[in-house]
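# Examining the three-dimensional arrangement
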4 protein chains.
Amino acid sequence: MIKVGIIGATGYAGGELVRILAGHRDVKIMWYGSKSYIDKKYCEVYQNMFRIVEDVCRDDNLTELAEQVDVIFTATPQGFLAGVLTEEILSKVKIVDLSADYRIKDVGVYEKWYGIEHRSPQFIPEAVYGLCEVNRDEIKKETRLVANPGCYTTCSILTAYPLVKEGLIDVDTLIIDAKSGTSGAGRGAKVANLFCEVNENIKAYGVTSHRHTPEIEEQLGYAGNCSVTVSFTPHLVPMNRGILVTEYASLRKKADGSLPGEEEIRAAYNKYFEKEKFVRVLEPGICPETKWVEGSNYVDVNFCIDKRTGRVIMMGALDNLVKGAAGQAVQNMNLLFGLPEAEGLELVPCFP
Amino acid sequence: MIKVGIIGATGYAGGELVRILAGHRDVKIMWYGSKSYIDKKYCEVYQNMFRIVEDVCRDDNLTELAEQVDVIFTATPQGFLAGVLTEEILSKVKIVDLSADYRIKDVGVYEKWYGIEHRSPQFIPEAVYGLCEVNRDEIKKETRLVANPGCYTTCSILTAYPLVKEGLIDVDTLIIDAKSGTSGAGRGAKVANLFCEVNENIKAYGVTSHRHTPEIEEQLGYAGNCSVTVSFTPHLVPMNRGILVTEYASLRKKADGSLPGEEEIRAAYNKYFEKEKFVRVLEPGICPETKWVEGSNYVDVNFCIDKRTGRVIMMGALDNLVKGAAGQAVQNMNLLFGLPEAEGLELVPCFP
Amino acid sequence: MIKVGIIGATGYAGGELVRILAGHRDVKIMWYGSKSYIDKKYCEVYQNMFRIVEDVCRDDNLTELAEQVDVIFTATPQGFLAGVLTEEILSKVKIVDLSADYRIKDVGVYEKWYGIEHRSPQFIPEAVYGLCEVNRDEIKKETRLVANPGCYTTCSILTAYPLVKEGLIDVDTLIIDAKSGTSGAGRGAKVANLFCEVNENIKAYGVTSHRHTPEIEEQLGYAGNCSVTVSFTPHLVPMNRGILVTEYASLRKKADGSLPGEEEIRAAYNKYFEKEKFVRVLEPGICPETKWVEGSNYVDVNFCIDKRTGRVIMMGALDNLVKGAAGQAVQNMNLLFGLPEAEGLELVPCFP
Amino acid sequence: MIKVGIIGATGYAGGELVRILAGHRDVKIMWYGSKSYIDKKYCEVYQNMFRIVEDVCRDDNLTELAEQVDVIFTATPQGFLAGVLTEEILSKVKIVDLSADYRIKDVGVYEKWYGIEHRSPQFIPEAVYGLCEVNRDEIKKETRLVANPGCYTTCSILTAYPLVKEGLIDVDTLIIDAKSGTSGAGRGAKVANLFCEVNENIKAYGVTSHRHTPEIEEQLGYAGNCSVTVSFTPHLVPMNRGILVTEYASLRKKADGSLPGEEEIRAAYNKYFEKEKFVRVLEPGICPETKWVEGSNYVDVNFCIDKRTGRVIMMGALDNLVKGAAGQAVQNMNLLFGLPEAEGLELVPCFP
């Protein structure tokens, strides 16, 4: 039995970790960390867990926690983990960090986009970027610290990955238009996230400045072995869960001057995803819908070639709290501990 | 491995059966019956099941199906099963009927409220009303035909059951005000169920005439050992899933002229539900919310005494597609086949 | 031109006052009071008013305001107006108070249900309860202080009023089950009102203890000329606007022992509402829906007789921000100043 | 008094025409055409109009109607008007066509994208494309037939218009990612538009093939005086009303090799829109939201320069049923009859 501690267990991502781990056969949650609700029963914060979780919330003492568990999930604000992580902690426990603290290798880029100083950059080099389908082998190797990818980034990267990797698109033309449900904004009490402000409304936000941009660029840069600069625009959609990305890029001319066709593009997607349990390349002509992946760890992807403009429109959908956060974190944990990768993640999407 | 056939597999309740049974260890679905989509791949109708279900839809031939499976779920319109059921079929296979055909013992009442002739009333007597928490023992005994309760009725009955059973309320004063998500209206293409008609709207419907009324009355009558007539008013709420009932009744005076208090009422709830896995009596002061049971087989109940009026306000919440339909159907199947009652139903509610 | 000041202009009810008054020909808003946004442009708080309102928000100085305007709307928390109102202010300006401070004649009842001390009970006697359809004549008479009714109360009272007034129902059996959109909860940043907490969810709240209860009881008591005690249960519905009430009461036997029939009940509704512009008695068999009154000052009412139980089910729908708050406040202002009652309120409901 | 006939009065756009014209001082609706509801009272189809509209629905006889009214609005499926329009009709009455029949000058393009034969191409040349802000003068001149623009197109064109017109962007790089509420899909009873299918879901549709594409291209081509080919991707959003477009284009280098800056771009928007009542260029840094224009005839636009990529992200929001359909149609009618352009359209956006 793997002993698990969660810091930030009462945020939406933390709550989803609890939900998923409740169905994981090899895990026992030992510590429900929540600074805001110390000593309160967890199921009083999330009544859906009534009679399922009996524990009370505890504080976020990482040092103490490291003594008691095998793995810690940190579903905490940016800067928290970087501020408290030590070699001693890492020597005792594995960490899957759902924040952005160790996702970006260039600390300068992190500090610029997040506007905070990184207080433990010495751990950045060893952190493995936990996009399981891409970095599976590396995660399995002695990794102590996994930087769990962001919700937008997981969706954005996987949707474009095969075409960037195979050089089928001109990465300089890549534009990512992303739409997210509101749970991505977290459980903080802000006017902008009130029901009446979000419902019957859609807006873009963080235009040209969203923090997931450099993360997408770095990872697609590794895939394409080149520098990548993208336009990334997130939108807030009146639904609880789900991210949909619509990505645009010009197809790259082949040696003979022609553009790659439907078959070549599809072959690229199949090359990387055919054997992936959690990435479903949909049948031709079917556009991903967030509802089809709700509650599950799937990413649905597909594409459409626009012959008139020479572009390919790539689309991807996932549940931001599952594959976009807690699900992928559990997938990473499974890899870290040599468990079957899908253990606890055989979640059938719920419709309607 | 229990072989299962589903008739009406592409309605919302049928789809939920497929979702739940996909996670049931002792079951294999052999037949996805759907008159509207014969020969179409099931996952093309419900894309959430892509790469999970590979089968194609088949017709609704009950006779043929009875040869191939151990149990049939009929998630079909009223009158369908009554029109085709035969002794031969019942001799070969168990049936869990999600329609109303065998729920009401008095065929005259059925025909009056449903406005159709019952074409096989001979099977009504042997049908067991599948409200598991109430009729568990009877369901387990050689039952061939289970009448799976309606969504409103499951919620309405369980919420009031302990107080009716214990004679703590005056049943003549019982009023049930019920609110349902829109999946209860089914997947038929009707203007009234279009997004723009339901969204940002709430209305009562079927006032004084909803078909679940006699079903509630019959079952509460058994509980109270008396004739019960209730006012039942359903409402359509702009959400996908969930039923909430708010029930009002005058407390019955005790011999000493006083009214039952908080403790007696709570004791009654605990008497019947404390050991029930799927009925959660919430802590004092906590009102049930549909979101807390979403996707799960739970019914959450609680109550509030109104000293000023001498009434008790009882509240209950469930997911209409799970405990209100498919989940309870699977619970019944588990009972029929001697499996652990919760097998396949360890569904943790999804929040948010 | 009537000069208007609004205190609490940036709450939802205040915002609705601004929207409605923007279309009122005889009014000019001179003061947008908002303690939270002093010196900020009003249209930066509500961007829908961009290029429509150019003013900045000001503080809530009632004394100063009284010098500058003819009428003040206070859309403020309970206790605010009672804490600052003086004879001097009232001698200079008329006030339409959207809070509960002067709605309840018995200050003890107010203090008990609201849990605060009333700091200017001397003005309670002169305050007129601004339910226009009931108290029109009194409002018109030299009134200085109008207590604008609550949203739930307006809907609850008007829906039952004719039957209480005509003695057609047994008021002791009256039960009000109310459902409200989320704007009724105000614009405060609370976790419970976040999109993800409200969306896809329904719950009762304030069961047996909601503050609108004594207001309903007092007013229906005047109508029935008797003491009235009701069960009132509000529910939170995932929509922005709208209140629906479903009310249950036993019909009162007539001298000959029979119950009032469809025609008598309808005649009672017509007697009081036929000539009312803003109360629409729907055609037989049509249930009110909140969407049909959205954005307008209408209340739609109807009823259904339940012969089996001897009850009548009364239903009413309104827009909580219009007839339930700002619209009725403007209607009151029109009455106070001798304007046509519907001026500025010819708002056609918006569908879908 | 201008006499108005509406063909297709019971669709969502037709219903919005009725709502808007109910508040127009110079108009009387003489004919509520609705093939599906002939002889039914209009307010039984749209109960929001109860006690506001007393008329019954009539058929769609354009010839007869032309004798009785001054202007006809056709809110009908593609091909309807083209199939029945004659010179005789046009000699008697002005027509504002909300369908696509006369929007596209090249009949071959129309027939290719719409997949139907155009049955009266002889009227195409005289039809004026009714984008009021762009073609105001032409609409005013003796026009008999106005082709009212599509919802997506109005939003897409106006959002990019100043930058295309001024040559500030490279039109070959223009990508339009559009998001629409569900009323845009009409009131037809289709499974795909049921509440449970749309709610909690977002998807792209009509990728590379949506019929509004050539309309956008033609109009932006006139603006830029060049051939324009765009990628246009619409998405379905779980809300009733509203369209948001997010448009991406590379800024065009100036003679000195530099890119246009914030000021130049803003100046371009102001040049065309500063005096336009219905186009609001938002303050720097404010992203348009559909909720801010709901129920009104406004289009809110703004932009953001992405220095890293050399692109400008343009954003626009409107209410698809108002400025995207009925509101603009009324604006066109006002122009046709020499009325103040905003008559009947002083609609204040409703929030929340």
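Residues numbered from 1 in each chain as written. Chains lettered and ligands numbered in written order. Predicted model: local features only at pLDDT ≥ 70, side-chain atom pairs only at ≥ 80, totals over all residues. Heavy atoms only, no water.

### Observations regarding the overall build of chain A
Looking only at helices and strands, one finds twelve helices and 14 strands in chain A. Here chain A has a C-alpha radius of gyration of 20 Å; the compact-globule value for 352 residues is 20 Å, and the two agree. Seen through its C-alpha atoms, chain A measures out along the principal axes to roughly 65 × 45 × 40 Å. Looking at chain A as a whole, 66% of its 352 residues qualify as buried. Across chain A, the fraction of contacts at a sequence separation of at least 24, relative to all contacts at a separation of at least 6, is 70%. Put simply, chain A has 39 plus and 48 minus side-chain charges, and the middle of one group is 2 Å from the middle of the other. (Helix = DSSP H or I, 4+ residues; strand = E, 2+ residues; numbered from the N terminus. Rg over C-alpha atoms; globule rule 2.2 N^0.38 Å. Buried < 20%, exposed > 50% of the residue type's maximum accessible area, 1.4 Å probe, protein only. Contact = heavy atoms within 4.5 Å. Lys, Arg positive; Asp, Glu negative; His and termini not counted. Charge placed at Lys NZ, Arg CZ, Asp CG, Glu CD.)

### Here we look at the side chain of N334 of chain C
All names here are of chain C. Take N334: it is sitting in helix α12 (residues 322-336). The exposure class assigned to N334 is buried, which follows from its relative accessible area of 0%. For N334, the side chain forms a polar contact with the main-chain oxygen of E343, separated by 2.9 Å. The residues contacting N334, other than those within four sequence positions of it, are H24, L339, P340, E341, A342, E343 and L345. (Polar contact = N/O pair within 3.5 Å; in protein donor to acceptor, adjacent residues only side chain to side chain.)

### Regarding the nonpolar core
Grouped together as the largest cluster of nonpolar side chains are 109 residues, with contacts concentrated most on F73 of chain A together with L21 and F73 of chain C. When neighbours within four sequence positions are excluded, L21 of chain C is seen to be in contact with V4, I6, V27, I29, F73, V330 and M333 of chain C. Of all hydrophobic cores here, the second largest spans 107 residues; its members include L17, V96 and A342 of chain B together with A9 of chain D. (Core = buried A, V, L, I, M, F, W, Y, C linked by side-chain atoms within 4.5 Å.)

### Overview of the interface of chain B and chain A
Between chain B and chain A, the contact holds 36 residues from the first and 35 residues from the second. Counting the surface lost from both chain B and chain A, the interface buries some 3,100 Å², and carbon and sulfur atoms represent 59% of this. At the boundary of chain B and chain A, one finds zero salt bridges. Here chain B is connected to chain A by 16 residue pairs in polar contact (both at pLDDT 80 or more). Of all the elements in the fold, those that place two or more residues in the side of chain B that touches chain A are α1 (12-21) and β12 (279-281) of chain B. In terms of residue class, the side of chain B that touches chain A is built from 18 nonpolar, five polar and 13 charged. (Buried area = accessible area lost by both parts, 1.4 Å probe. Salt bridge = Lys/Arg side-chain N within 4 Å of Asp/Glu carboxyl O. Nonpolar A, V, L, I, M, F, W, Y, C, P; charged D, E, K, R; others polar.)

### Focus on the pattern of salt bridges
Counted under the stated rule, the structure contains 100 salt bridges over all chains. Note that E67 of chain A is salt-bridged to K92 of chain A, the shortest N-O span being 2.5 Å. Linking E67 of chain A in helix α3 (residues 62-68) with K92 of chain A in helix α5 (residues 87-92), this pair joins segments that are 25 residues apart in sequence. E67 of chain A sits in the exposed class, given a relative accessible area of 54%. A salt bridge links D177 of chain C to K179 of chain B; the nearest nitrogen and oxygen atoms lie 3.0 Å apart. Here K179 of chain B lies in strand β8 (residues 175-180) and D177 of chain C lies in strand β8 (residues 175-180), a pairing that spans two chains. By relative accessible area, D177 of chain C is classed as buried at 0%. Here the residues in one salt-bridge network are E16, R19, R241 and D319 of chain A, joined through shared partners.

### What to know about the relation of the copies chain B and chain A
Aligned on chain A, chain B shows an RMSD of 0.0 Å; the corresponding rotation is 180° and the shift along the axis is 0.0 Å. Here the symmetry operator amounts to a two-fold rotation axis. Taking the C-alpha atom as reference, chain B places E200 of chain B closest to the rotation axis, 4.3 Å from it. (Least-squares fit on C-alpha atoms with pLDDT ≥ 70 in both.)

### Here's the deal with the interface of chain D and chain A
Taken together, the contact between chain D and chain A spans 49 residues of the former and 49 residues of the latter. For the pair chain D and chain A, the two sides together bury roughly 4,000 Å², of which 56% comes from carbon and sulfur. Where chain D packs against chain A, one counts six salt bridges. Where chain D meets chain A, there are 30 residue pairs in polar contact (both at pLDDT 80 or more). Of all the secondary-structure elements, those providing two or more residues to the side of chain D that touches chain A are β8 (175-180), α9 (195-198), β9 (203-204), α10 (212-224), β10 (231-236), β11 (243-250), β13 (299-306) and β14 (311-318) of chain D. Considering every element that reaches the side of chain D that touches chain A, the biggest residue donor is β8 of chain D, with four residues. Partitioning the side of chain D that touches chain A into residue classes produces 22 nonpolar, 13 polar and 14 charged.

### Considerations on the relation of the copies chain D and chain A
When chain D is brought onto chain A, the operation consists of a screw motion whose angular component is 180° and whose axial shift is 0.0 Å, with 0.0 Å RMSD remaining. Interface overlap between copies is the fraction of interface residues in one copy that are interface residues in the other; for chain D against chain A it reaches 100%, indicating a shared surface.

### Focus: the pairing of β8 of chain B
Residues and elements named next belong to chain B. For β8, the tally of buried residues reaches six of six residues, placing the bulk of the element in the interior. Neither face of β8 is exposed, since I175, D177 and K179 on one face and I176, A178 and S180 on the opposite face are all buried. When β8 meets strand β10 (residues 231-236), the two strands line up parallel, connected through six bridges. Bridge pairing links I176 to F232 in β10. (Pairing = 2+ DSSP bridges.)

### A look at the packing of helix α7 (residues 132-140) of chain D against helix α12 (residues 322-336) of chain D
Residues and elements named next belong to chain D. Relative to each other, α7 and α12 sit at 35°, their axes nearing to 9 Å. The two elements α7 and α12 meet at a crossing, and its hand is right-handed. For the pair α7 and α12, contact is made by C132, E133, R136, I139 and K140 and by K323, Q328, Q331, N332, L335 and L336, respectively. Considering only residue class, the contact of α7 with α12 consists of four nonpolar, three polar and four charged. (Axes fitted to C-alpha atoms, helices over the stretch in contact; angles between N-to-C directions. Left-handed = near helix turned anticlockwise from the far one by under 90°.)

### Thoughts on the pairing of strand β5 (residues 94-97) of chain C
All names here are of chain C. Looking at chain direction, strand β4 (residues 71-74) and β5 are connected through four bridges and run parallel. Residue pairing in the sheet places F73 in a bridge with V96 of β5. Taken together, the three bridges between β5 and strand β7 (residues 145-147) define a ladder with parallel strand orientation. Within β7, the residue paired with I95 across the bridge is L145.

### Quick look at the packing of helix α8 (residues 151-165) of chain A against helix α11 (residues 262-273) of chain A
Residues and elements named next belong to chain A. It is the contact of α8 with α11, at a shortest axis distance of 9 Å, that shows an interaxial angle of 110°. By the angle between their directions, the pair α8 and α11 is classed as roughly perpendicular. Considering the relative orientation of α8 and α11, their crossing is right-handed. For the pair α8 and α11, the contacting residues are L158, T159, Y161, P162, L163 and K165 in the first and I265, A268, Y269, Y272 and F273 in the second. (Parallel < 35°, antiparallel > 145°, perpendicular 65-115°, else oblique.)

### Focus on the sheet that holds strand β14 (residues 311-318) of chain B
Two pairing modes exist for strands in a sheet, parallel and antiparallel, and in both the strands are linked by backbone hydrogen bonds. Residues and elements named next belong to chain B. Read from one edge to the other, the open sheet built from seven strands follows the order β9-β10-β8-β11-β14-β13-β12, with strand pairing classed as mixed. Whereas interior strands pair on both sides, the edge strands pair on one side only; in this sheet they are β9 (203-204) and β12. Here helix α8 (residues 151-165) sits on the sheet and contacts β8, β10, β11 (243-250), β12, β13 (299-306) and β14; the angle it forms with β14, its principal contact strand, is near 140°.

### Re the side chain of Q328 of chain D
Inspection of the secondary structure assignment puts Q328 of chain D in helix α12. Classification of Q328 of chain D as buried rests on a relative accessible area of 0%.

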